[in-house]
Amino acid sequence: MNAIKPEVINHNKKGLIPKNRVRKMLRVKTRKTFIKDYKLLKLNHTHFTWGEIKLLYALRLFLEHGKSGVFGRQLYLKLLQKHSPQEILKSINIDLETKFRELQNQWIYKT
């Protein structure tokens, strides 16, 4: 389904990033919006791996790209069944790898 494979992990909170920090990292303003995002991707954990954060970030980039209703969660989910997040974002001229590296570097050097 996805080219991005979240690490296989038992989510015992070691070395993982807490949900509230991930929301701040991705600049999601409301808790309700963030809940919609991670539930859509079936990532209902209290802590996230970098692979899972990358999946969430790809969704956020897609949703932020266009007007509401055009670039929605359901469209992203349909596209995700046939394409990888990188391919979806590349089709709208967004380089996921570069953007994610920047986000990761900001986070690592901030903390």
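Everything discussed here concerns the structure shown above.
Rules and cut-offs
- Residues numbered from 1 in each chain as written.
- Predicted model: local features only at pLDDT ≥ 70, side-chain atom pairs only at ≥ 80, totals over all residues.
- Heavy atoms only, no water.
- 1 Å grid on protein atoms, 1.4 Å probe; cavity = no way out; pocket = protein on both sides within 12 Å on 5 of 7 lines; lining within 4 Å.
- Points joined across faces, edges and corners; volume = space filled by probe spheres on them.
- Helix = DSSP H or I, 4+ residues; strand = E, 2+ residues; numbered from the N terminus.
- Nonpolar A, V, L, I, M, F, W, Y, C, P; charged D, E, K, R; others polar.
- Core = buried A, V, L, I, M, F, W, Y, C linked by side-chain atoms within 4.5 Å.
- Buried < 20%, exposed > 50% of the residue type's maximum accessible area, 1.4 Å probe, protein only.
- Contact = heavy atoms within 4.5 Å.
- Axes fitted to C-alpha atoms, helices over the stretch in contact; angles between N-to-C directions.
- Parallel < 35°, antiparallel > 145°, perpendicular 65-115°, else oblique.
- Left-handed = near helix turned anticlockwise from the far one by under 90°.
- Arc of directions from axis to C-beta.

**Quick word on the layout of surface pockets**
The gaps left among the atoms become clear once a water-sized probe is rolled over them.
Here's step 1: Within this model, the largest pocket holds a volume of roughly 190 Å³.
Here's step 2: Lining the largest pocket we find R21, K24, M25, R27, L103, Q106, W107 and K110.
Here's step 3: Sorting elements by how many residues they give to the lining of the largest pocket places helix α6 (residues 96-110) first, with 4 residues.
Here's step 4: Each residue belonging to the lining of the largest pocket can be placed in one class, and the counts come to 3 nonpolar, 1 polar and 4 charged.

**Things to note about the nonpolar core**
Here's step 1: Formed by 31 residues in total, the largest nonpolar core has its most connected members in L26 and L56.
Here's step 2: Elements with a contribution of two residues or more to this core: α1 (19-25), α2 (31-40), α3 (50-65), α4 (73-82), α5 (85-90) and α6.
Here's step 3: No other element matches α3, which puts 9 residues into this core.
Here's step 4: Setting aside its immediate chain neighbours within four residues, L26 contacts F34, I53, L56, Y57, R60 and L103.

**Observations concerning the packing of α3 against α6**
A pair of packed helices is captured by two measures, namely the crossing angle of their axes and the spacing between those axes.
Here's step 1: Interaxial distance between α3 and α6 falls to 11 Å at its minimum, and their mutual angle equals 120°. As summarised for this structure, α3 and α6 are arranged oblique, according to the angle between their axes. The two elements α3 and α6 meet at a crossing, and its hand is right-handed. Each of W50, I53, K54, Y57, A58 and L61 in α3 lies in contact with α6, whose residues at this interface are L96, E97, K99, F100, L103, Q104, W107 and I108.

**Thoughts on α2**
Here's step 1: Listed as buried for α2 are F34, D37, Y38 and L40. Buried residues of α2, viewed axially, fall in a sector of 160°; they line one side. Facing away from the buried side of α2 by more than 90 degrees, the exposed set consists of R31 and K32.
Here's step 2: Close packing links the buried residues of α2 with α1, β2 (47-48), α3 and α4.
Here's step 3: Downstream of α2 by one or two residues, K42 has phi in the positive range, about 55°.

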